[in-house]
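# Fold and geometry: a report
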Amino acid sequence: MRLLFLGDIVGRPGRAVVANLLPGLVDRHRLDFVIINGENAAGGFGITEEIVQDVLDAGADVITTGNHAFDQREALVFAERQPRFLRPVNFPAGTPGRGANLFVARNGARVLVVNVMGRVFMDALDDPFAALDREVAACPLGEQADAIVIDFHAEATSEKQAAAHHLDGRVSLVVGTHTHVPTADHRILPGGTAYQSDAGMCGDYDSVLGMEKEEPVRRFLTKIPSGRFSPASGEGTLCGIAVEIDEATGLAKAVAPLAIGGVLEQRLPPFWA
């Protein structure tokens, strides 16, 4: 099974590179399942229902989010009726939408996707580890699910790594989002779970985390805000992680980072040649 996870879409450059490149990747490399974190797709803050549909039309099967899930207020409404849109599963009870769902991939495999948010240097939410244990226990790998993917949206790499080791052998992939910078620690853990601390972003990397450089730099220099953050407008990079999953076990066979276009361009995974 060929699975692609793409990091946070940031603004128009992120949306454009997804729309331009993802359909060809799905066709050319016979991708079975695609997950994209879309929480910064609308002007860098949140996502609209129209953008959700555009991303799904481009070839995504699921859109995950994080702390910016509801920055666009309309998300509070469409979250209830769009099963392919996920917000963190450990948001308080009564939050609109869902944090996990079971999907059918193009090859017929059942894929459980869980979106969870960390608590270190983040908003105080319910325990992400307990939430993950509940979701995985309710839909175990090899029984109700043929593959399980965790989007762990968090600031601290230690929290993401701890979650990955806690789930090793029970899920197919644990991948971090939120920090918008791809990490160089992609690997398969001893139990067979693929891992990367952060998948990076789909956006303009000639920026500060996808935003125009001037305002963030000015704030670091002066500590005085002088305007709003706005997404950088240069060429976007499609950035994420590619995983080959063993259809017999649901565990990872191969993993590689992916960056196409812009300043971070890399080769496609060799096992997808």
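All values reported here derive from a predicted model rather than from experimental measurement.

### What about the pattern of salt bridges?
- Counted by the stated rule, this structure contains eleven salt bridges.
- Of the charged contacts in the structure, one is a salt bridge between R170 and D133, with a shortest N-O distance of 3.1 Å. Taken together, the positions of R170 in the loop between α5 (157-167) and β8 (173-177) and D133 in helix α4 (residues 128-138) put the pair 37 residues apart, joining distant regions of the chain.
- With a relative accessible area of 30%, R170 lands in the partly exposed category.

### A closer look at the sheet that holds strand β9 (residues 187-188)
- If you walk across this open sheet you meet the six strands as β5-β6-β7-β8-β10-β9, and the pairing is mixed. The outermost strands of the open sheet, each flanked by one partner alone, are β5 (100-104) and β9.
- Pairing of strand β7 (residues 147-153) with β8 involves five bridges; the strand directions are parallel. Considered in β8, the bridge of D151 is made with V175.
- Across the face of the sheet, α4 comes into contact with β5, β6 (110-117) and β7 while running at roughly 165 degrees to β6.
- Here α5 sits on the sheet and contacts β7, β8, β9 and β10 (194-196); the angle it forms with β8, its principal contact strand, is near 170 degrees.

What counts, and at which threshold
- Residues numbered from 1 in each chain as written.
- Predicted model: local features only at pLDDT ≥ 70, side-chain atom pairs only at ≥ 80, totals over all residues.
- Heavy atoms only, no water.
- Salt bridge = Lys/Arg side-chain N within 4 Å of Asp/Glu carboxyl O.
- Helix = DSSP H or I, 4+ residues; strand = E, 2+ residues; numbered from the N terminus.
- Buried < 20%, exposed > 50% of the residue type's maximum accessible area, 1.4 Å probe, protein only.
- Pairing = 2+ DSSP bridges.
- Contact = heavy atoms within 4.5 Å.
- Axes fitted to C-alpha atoms, helices over the stretch in contact; angles between N-to-C directions.

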